[in-house]
Amino acid sequence: MNPDAQGVATYYYGNDLHGASSSVGEQFAGLVQREIVARTDLLDCRTHAKTWDLLRRTKMPAVRLEIGYVTNPHDSARLADPAFRDVIAESIVVAIQRVYLPPEQDAATGMLRLGQLTV
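Quantities reported herein were computed from a predicted structural model and do not represent experimental measurements. (Residues numbered from 1 in each chain as written. Predicted model: local features only at pLDDT ≥ 70, side-chain atom pairs only at ≥ 80, totals over all residues. Heavy atoms only, no water.)

*Asks:* Help me understand the overall build of the chain in this model?
*Replies:* A count of helices and strands for the chain gives four helices and four strands. Each helix and strand of the chain, placed in order from N terminus to C terminus, yields the pattern β-β-α-β-α-β-α-α. Whereas a compact globule of 119 residues would reach a radius of gyration of roughly 14 Å, the chain reaches 15 Å, a difference of no more than 12%. Relative to its 119 residues, the chain shows a buried fraction of 33%. Residue pairs in contact within the chain that sit at least 24 positions apart in sequence constitute 72% of those at least 6 positions apart. Roughly 7300 Å² of accessible area belongs to the chain as shown, and the carbon and sulfur atoms make up 54% of that amount. Counting 12 positive and 14 negative side-chain charges, the chain places the centres of these two groups 5 Å from one another. (Helix = DSSP H or I, 4+ residues; strand = E, 2+ residues; numbered from the N terminus. Rg over C-alpha atoms; globule rule 2.2 N^0.38 Å. Buried < 20%, exposed > 50% of the residue type's maximum accessible area, 1.4 Å probe, protein only. Contact = heavy atoms within 4.5 Å. Areas by Shrake-Rupley, 256 points an atom, 1.4 Å probe, with all protein chains shown as cover. Lys, Arg positive; Asp, Glu negative; His and termini not counted. Charge placed at Lys NZ, Arg CZ, Asp CG, Glu CD.)

*Asks:* Please clarify how the side chain of Asn72 should be interpreted in this entry.
*Replies:* Locating Asn72 in the fold gives a position in the loop between β4 (63–67) and α3 (73–79). Overall, the relative accessible area of 7% leaves Asn72 in the buried class. One polar contact links the side chain of Asn72 to the main-chain carbonyl oxygen of Ala5, over a distance of 3.4 Å. Sequence-distant contacts of Asn72, defined by excluding residues within four places in its chain, comprise Pro3, Asp4, Ala5 and Gln6. (Polar contact = N/O pair within 3.5 Å; in protein donor to acceptor, adjacent residues only side chain to side chain.)

*Asks:* What am I meant to see in the packing of aromatic side chains here?
*Replies:* Two aromatic rings, taken as a pair, are described by how far apart their centres are and by the angle between their planes. In total, this model carries one aromatic pair according to the counting rule given. Taking the centre distance of 4.8 Å and the plane angle of 50 degrees together, the rings of Tyr11 and Trp52 count as tilted. Within this pair, whereas Tyr11 is found in strand β1 (residues 8–15), its partner Trp52 is found in the loop between β3 (44–50) and α2 (53–56), the two being separated by 41 residues in sequence. The residue whose ring lies beneath Arg64 is Trp52, and the NZ or CZ to ring-centre distance is 5.1 Å. (Phe/Tyr/Trp six-rings, centres within 6.5 Å; stacked < 30°, edge-to-face > 60°. Lys NZ or Arg CZ within 6 Å of the ring centre and 35° of its normal.)

Below, the structure written as structure tokens:
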């Protein structure tokens, strides 16, 4: 247990050695990471390619989020706040929407809100 561990990181399927990766997964990971970082005070631990089964053995784009650390007092306090968790959820939903928006309809990171999303 490390009280110094903190922040948010997003992982997508990728293997630097063999050059295999999910381009949509990488795009989605970047969008999720940027939305969360823009809307919160969590440390940006960036996106990372991994070959974990969770990411590799799916037929759709997938990401894994590590959002805060309960061993870190700041992150733990933020995660305990329901309003903060709502911000995280909104960040993820907006990132999903942004994957499918045409460039001319996309908004700047951190600007879209749930009420503005189209069905």
